Amino acid sequence: MNIKSNAELKRLEEAARAAWLYYVAKNTQDEIAQKLQVSRQSAQRLVALAVSEGLIKVRLDHPITRCMELAEQLKKTFNLVECEIAPSDPADPNASHGLAQTGAKILERYLKSEQPKTLAFGTGRALKSCIDELPSMQCEQHKLVSLVGNMMNDGSASKFDIVVSMANRVNAKHFPMPLPVIAQTVSDKQLLQGLAPVKSIFEHVANADATFVGIGHINEKSPLFVDGFIEQDEHQLLHTQGAKGEIVSWLFDQNGILLDTPLTQRIVSAPLVINPNKPVYGIAAGDHKIDAIFAALKGQLINALITNEHTAEQILLRYKNTL
């Protein structure tokens, strides 16, 4: 067994970071040299070292120490069953580079299981990016089930539907929810949820081995409003009602407590239920998401997190400031 010295391990970590900047964040070698404060020649050598040591495959295959430390801190702070942190670009800490690859790595781990798995999915841009990073696979033994409707208010399909696009990529049996995200009335919601196929989907959700959801923010560019699921007056009302975020359209306040409003009473999505033995992964990153992620963690609406280095640091700082 070849045991590496501390200096060699540090060099490998530098090589891993340089390789991530080059292959994932698409930086030039001059940009890498500037960000890591080394010469261009040193940047070249670091990237070459990462390749020669086998650190580079489709995704970065090296645990960067800082990311691992942040993950452990978040797990302990919020009692998470799992936490994965992607590196951040020093010049653009809010960029989502690497988040999709990290999420795809976890998804692939479940999909490679020979034992049948039921995986439940929300929707959103971050989650869709993870699906796009998956390789083509043959996963007939697994079931993919949706937590949220895949129809817009006009009856058209949502462009951020996860289950259908993922099933096409990995060839798994899938259970999309052919319903609007928000019903017109409470009576309509009860009628839709009473349909036998919808009841079957909810049963699959309740028995899912793992759940993956995006975490939506509530501001002038809230996904619920921008994507056309709620109207302008409903969007404005959310702010006065104290909404800080949403998961599969379920709105929650700064403490992660679900809101009970005329709007939420019409949400058709599956209930948010945490089983301590089964992970519910929240996938999100960026300063505009901090309030929503922190509230979701505080309210234990998720028990696993996939985010990036910068976001993790800001969440831990927010927690420290509340003590």
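As shown above, the structure is provided for reference.
Here the structure is a predicted model, which means the values were calculated and not measured.

What counts, and where the lines are drawn
Residues numbered from 1 in each chain as written. Predicted model: local features only at pLDDT ≥ 70, side-chain atom pairs only at ≥ 80, totals over all residues. Heavy atoms only, no water. Helix = DSSP H or I, 4+ residues; strand = E, 2+ residues; numbered from the N terminus. Rg over C-alpha atoms; globule rule 2.2 N^0.38 Å. Buried < 20%, exposed > 50% of the residue type's maximum accessible area, 1.4 Å probe, protein only. Contact = heavy atoms within 4.5 Å. Areas by Shrake-Rupley, 256 points an atom, 1.4 Å probe, with all protein chains shown as cover. Lys, Arg positive; Asp, Glu negative; His and termini not counted. Charge placed at Lys NZ, Arg CZ, Asp CG, Glu CD. Pairing = 2+ DSSP bridges. Axes fitted to C-alpha atoms, helices over the stretch in contact; angles between N-to-C directions. Salt bridge = Lys/Arg side-chain N within 4 Å of Asp/Glu carboxyl O. Phe/Tyr/Trp six-rings, centres within 6.5 Å; stacked < 30°, edge-to-face > 60°. Lys NZ or Arg CZ within 6 Å of the ring centre and 35° of its normal.

1. A word on the overall build of the chain
Then step 1. A count of helices and strands for the chain gives 13 helices and ten strands.
Then step 2. A globule of 323 residues ought to have a C-alpha radius of gyration of about 20 Å, and the chain, at 21 Å, matches this closely.
Then step 3. Its C-alpha atoms give the chain principal-axis dimensions of about 65 × 45 × 35 Å.
Then step 4. A buried classification covers 51% of the 323 residues belonging to the chain.
Then step 5. Counting contacts in the chain only where the partners sit at least 6 residues apart, residues at least 24 apart contribute 73% of the total.
Then step 6. Counting only carbon and sulfur atoms, one obtains 50% of the accessible surface of the chain, whose full area is about 15,600 Å².
Then step 7. For the chain, the separation between the mean place of its 33 positive charges and that of its 35 negative charges on side chains is 4 Å.

2. A closer look at the environment of Phe202
Then step 1. Note on placement: Phe202 falls in helix α9 (residues 196-206).
Then step 2. Taking the C-alpha atoms as reference points, Phe202 and Ile247, separated by 45 residues in sequence, lie 16 Å from one another.
Then step 3. Apart from the residues within four sequence positions on either side, Phe202 is in contact with Met177, Gln193, Val268, Ser269, Ala270 and Pro271.

3. Some details on the pairing of strand β1 (residues 82-86)
Then step 1. The element β1 is extensively covered by neighbouring structure, given that four of its five residues are classed as buried.
Then step 2. Note that β1 and strand β10 (residues 304-308) share five bridges and pair parallel. Counterpart to Ala86 in the pairing with β10 is Asn308.

4. Digging into the sheet that holds strand β7 (residues 245-247)
Then step 1. Spatially, the three strands line up as an open sheet ordered β6-β7-β8, and their pairing is antiparallel. The open sheet has two edge strands, β6 (216-217) and β8 (250-252), and neither has a second partner.
Then step 2. Note: β6 against β7, two bridges, orientation antiparallel. From the neighbouring strand, His217 faces β7, where its bridge partner is Gly245.
Then step 3. Against the sheet, helix α12 (residues 290-298) contacts β6, β7 and β8, and its axis sits at roughly 90° relative to β8.

5. Side note on the pattern of salt bridges
Then step 1. Counted according to the given criterion, the structure contains 14 salt bridges.
Then step 2. The shortest N-O distance in the salt bridge between Asp89 and Lys35 comes to 2.8 Å. With Asp89 in the loop between β1 and α5 (99-111) and Lys35 in helix α2 (residues 29-36), the pair connects residues that are 54 residues apart, well separated along the chain.
Then step 3. Judged by relative accessible area, which is 6%, Asp89 ranks as buried.
Then step 4. Lys112 serves as the salt-bridge partner of Glu108, at 3.2 Å between the closest nitrogen and oxygen.
Then step 5. On the basis of relative accessibility, which here comes to 56%, the residue Lys112 falls in the exposed class.

6. Digging into the packing of aromatic side chains
Two numbers describe a pair of aromatic rings. These are the distance of the centres and the angle of the planes.
Then step 1. Applying the stated criterion across every chain yields a total of seven aromatic pairs.
Then step 2. Taking 4.7 Å as the distance between ring centres and 5° as the angle between the ring planes, the aromatic pair formed by Phe212 and Tyr281 counts as stacked. Highlighted residues: Phe212 in strand β5 (residues 210-214) and Tyr281 in strand β9 (residues 280-283), separated in sequence by 69 residues. We note that Phe212, like Tyr281, is buried.
Then step 3. Grouped by ring-pair contacts, the aromatic residues Tyr110, Phe121, Phe212 and Tyr281 constitute a single cluster.
Then step 4. Here the guanidinium or amino end of Arg318 rests over the ring plane of Phe294, the centre of that ring lying 5.8 Å away.

7. Things to note about unusual backbone geometry
Then step 1. The backbone of Lys26 sits at a positive phi, close to 60°, despite the residue not being glycine.
Then step 2. Looking at the secondary structure, you find Lys26 in the loop between α1 (6-24) and α2.
Then step 3. Assessed through its relative accessible area of 63%, Lys26 is described here as exposed.
Then step 4. The phi dihedral of Gln300 is positive, around 55°, even though this residue is not glycine.
Then step 5. Along the chain, Gln300 falls in the loop between α12 and β10.

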